[in-house]
Amino acid sequence: MKISVFGDSIGKGVILDNVAGRYKALKLELLEPLSRYKEKINYSNYAKFGHTITKGMSLIERYQAEISSYDYVILEYGGNDCNFQWNVVAQDPCKDHEPNTPLDKFIETYKSVIEKIQATGSQPVMLTLPPLNAKNFFKAVTKGIDANSIKKFMVTEDRIYRWQEMYNLAVVKLAKKLSVPIIDIRSEFLHRADFEELIGEDGMHPSKKGYELIVKTVVEHMASPQMLVNRIRG
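Remember, predicted model here, so these are calculated numbers, not experimental data.

Novice: Help me get a handle on the packing of aromatic side chains, residues and values and all.
Specialist: On inspection of all chains with the given rule, the structure shows twelve aromatic pairs. Ring geometry for Y46 against Y63: centres 4.8 Å apart, planes inclined by 45°, an arrangement best described as tilted. Taken as a pair, Y46 in the loop between strand 4 (42-45) and helix 2 (53-62) and Y63 in the loop between helix 2 and helix 3 (64-67) lie far apart in primary sequence, 17 residues in all. Here Y46 and Y70 contribute two aromatic rings whose centre-to-centre distance is 6.4 Å and whose plane-to-plane angle is 85°, an arrangement assigned as edge-to-face. On the criterion of sequence distance, the pair formed by Y46 in the loop between strand 4 and helix 2 and Y70 in the loop between helix 3 and strand 5 (72-76) is long-range, its members being 24 residues apart. Here the two residues Y46 and Y70 agree in accessibility, since each one is buried. Members of the aromatic cluster, each reached through a chain of ring pairs, are Y77, F84, W86, F106, Y110, F137, F153, W163 and Y167. The lysine or arginine in question, R159, covers the ring of F153, its NZ or CZ lying 5.2 Å from the ring centre.

Here it is as structure tokens:
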């Protein structure tokens, strides 16, 4: 079985190194544990730090020939799309700022990405967005800029959580509309009593423990590809 991953820094396994004060890759292979279920797994990760669905589309088009050789293409987008250029927001918080990818464009482009993958004969599989820790996220994005301006734009610190949830719901609705299998990693975070330990100090990237939960959730779903096929047909 051949599987590839396209997405942003979360798909890449990026984590905030609190000691060094920078981001680094965990080197945690998302689907390596599948080897216990299958004799052979060919796995490639095309996820990139900072990527939006628009940049994802460019990658899909660039590697379309290679994608045709994969049985499944796991897609993980939305976190950067719903984010804002906070330094620009701080300069004029009363302006109606657009996120990196407006919601309508996000849905339209994601739909095109899925259709391009399907056209190759490969099966797309979508992931929901892991949740934010709104309080820590606010601290992270206001570091070095005017926090009061950002708060004026947000109105409340948890507004960004609701905004991100809107993009997550768009992913869920799109999967249902296009009959694409979706793995709900978000719920796995939300129901946990140790939720805050699963998200890093920047409030957006998972901690090592959070990534381990993502891997466990994805592996449990992908270990039985026939289940995904049945969901598509059903």
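Right, picking up where we left off after that structure.
Novice: Describe the packing of helix 5 (residues 103-119) against helix 8 (residues 159-178), listing the residues and the values that go with them.
Specialist: Remark: helix 5 packs on helix 8, axes separated minimally by 11 Å, with the N-to-C direction vectors making an angle of 35°. When you trace helix 5 past helix 8, the crossing you get is right-handed. Where helix 5 approaches helix 8, its residues L103, F106, I107, Y110, K111, I114 and Q118 are matched on the opposing element by M166, Y167, A170, V171, L174 and L178. Residue classes in the contact of helix 5 with helix 8 are distributed as eleven nonpolar, one polar and one charged.

Novice: Can you tell me about helix 6 (residues 134-141), naming the residues and giving the values?
Specialist: Turning to helix 6, its buried residues are A134, F137, F138 and V141. One side of helix 6 holds all its buried residues, which, seen down the axis, span an arc of 100°. Projecting away from the buried face of helix 6 at angles above 90 degrees are the exposed residues K135 and K139.

Novice: Give me the sheet that holds strand 6 (residues 123-127): which residues, what numbers.
Specialist: Each strand in a sheet pairs with another by means of backbone hydrogen bonds, the pair being arranged parallel or else antiparallel. On the basis of which strands lie adjacent, the open sheet formed by five strands has the order 4-1-5-6-7 and parallel pairing. Of all the strands in the sheet, just strand 4 and strand 7 (182-183) have a single pairing partner and so form its edges. Relative to strand 6, strand 5 is paired through four bridges, and the arrangement is parallel. Bridge pairing in strand 6 links V73 to P124.

Novice: Tell me about helix 7 (residues 147-154), residues and numbers included.
Specialist: The complete set of buried residues in helix 7 reads S149, I150, F153 and M154. All buried residues of helix 7 fall inside an arc of 135° around its axis, so they share one side. Along helix 7, exposed side chains directed more than 90 degrees from the buried face belong to N148 and K152. On its buried face, helix 7 is in contact with helix 4 (86-91), helix 6 and helix 8. Capping of helix 7 at its N-terminal end is provided by D146; its side-chain oxygen lies 3.0 Å from the backbone amide nitrogen of N148. Phi turns positive, to about 75°, at V155, one or two residues after helix 7.

Novice: Describe in detail the pairing of strand 6, supporting the description with residues and values.
Specialist: Of all five residues making up strand 6, five are buried, and the element is well covered by its neighbours. Neither face of strand 6 is left uncovered, since the one carrying Q123, V125 and L127 and the one carrying P124 and M126 both have all their residues buried. For strand 6 and strand 7, the ladder comprises two bridges, and the chain directions are parallel. Residue pairing in the sheet places L127 in a bridge with I183 of strand 7.

Novice: Report on the packing of helix 2 against helix 5, specifying residues and quantitative values.
Specialist: Where helix 2 contacts helix 5, the two axes come as close as 9 Å, and the packing angle between them is 20°. The angle between helix 2 and helix 5 falls in the class roughly parallel. Helix 5 is crossed by helix 2, and the crossing has left-handed handedness. Packed against helix 2, whose contacting residues are I53, T54, M57, I60 and E61, the element helix 5 presents K105, F106, T109, Y110, S112, V113, K116 and I117 at the interface. A breakdown of the residues in the contact of helix 2 with helix 5 according to their chemical character gives seven nonpolar, three polar and three charged.

Conventions adopted
- The residue count restarts for each chain, going from 1 along the sequence in the order it is written.
- A pLDDT threshold of at least 70 governs which residues receive local features in this predicted model, and a stricter bar of 80 or more applies before side-chain atom pairs are shown or counted, although totals over entire chains, interfaces and linings include all residues.
- Note: side-chain values were computed over all heavy atoms of the structure, leaving out hydrogens and water.
- Centres within 6.5 Å make a pair out of two Phe, Tyr or Trp rings, where for Trp the six-membered ring is used; the pair is then stacked when the planes are under 30 degrees apart, edge-to-face when over 60, and tilted otherwise.
- For the purposes of this entry, the term helix denotes a DSSP run of H or I that reaches at least four residues, the term strand denotes a run of E that reaches at least two, and both are numbered from the N terminus.
- Only protein chains enter the accessibility calculation, which uses a 1.4 Å probe. A residue is then buried if its area is under 20% of the maximum for its type, exposed if over 50%, and partly exposed in between.
- Any Lys NZ or Arg CZ that is within 6 Å of a ring centre and within 35 degrees of that ring's normal is treated as a charge sitting over the ring.
- Structural elements are reduced to axes, namely lines fitted to C-alpha atoms, with helices fitted over the stretch in contact, and the angle between N-to-C directions of any two is expressed from 0 to 180 degrees.
- Each crossing is labelled by how the near helix is turned from the far one, with a counterclockwise turn of less than a right angle marking it left-handed and a clockwise turn marking it right-handed.
- By definition in these notes, contact holds between two residues if any of their heavy atoms fall within 4.5 Å.
- Throughout, the ten residues Ala, Val, Leu, Ile, Met, Phe, Trp, Tyr, Cys and Pro are labelled nonpolar, Asp, Glu, Lys and Arg are labelled charged, and all others, Gly among them, are labelled polar.
- The arc in question is traced by the directions running from the helix axis to the C-beta atoms.
- By this definition, two strands are paired if DSSP reports at least two bridges between them.
- The definition of a polar contact used here is a pair of N or O atoms within 3.5 Å, where within protein one atom must be able to donate a hydrogen and the other to accept one, and adjacent residues in sequence count solely through side-chain atom pairs.
- Here the word oblique covers every angle except those under 35 degrees (roughly parallel), over 145 (roughly antiparallel) and from 65 to 115 (roughly perpendicular).

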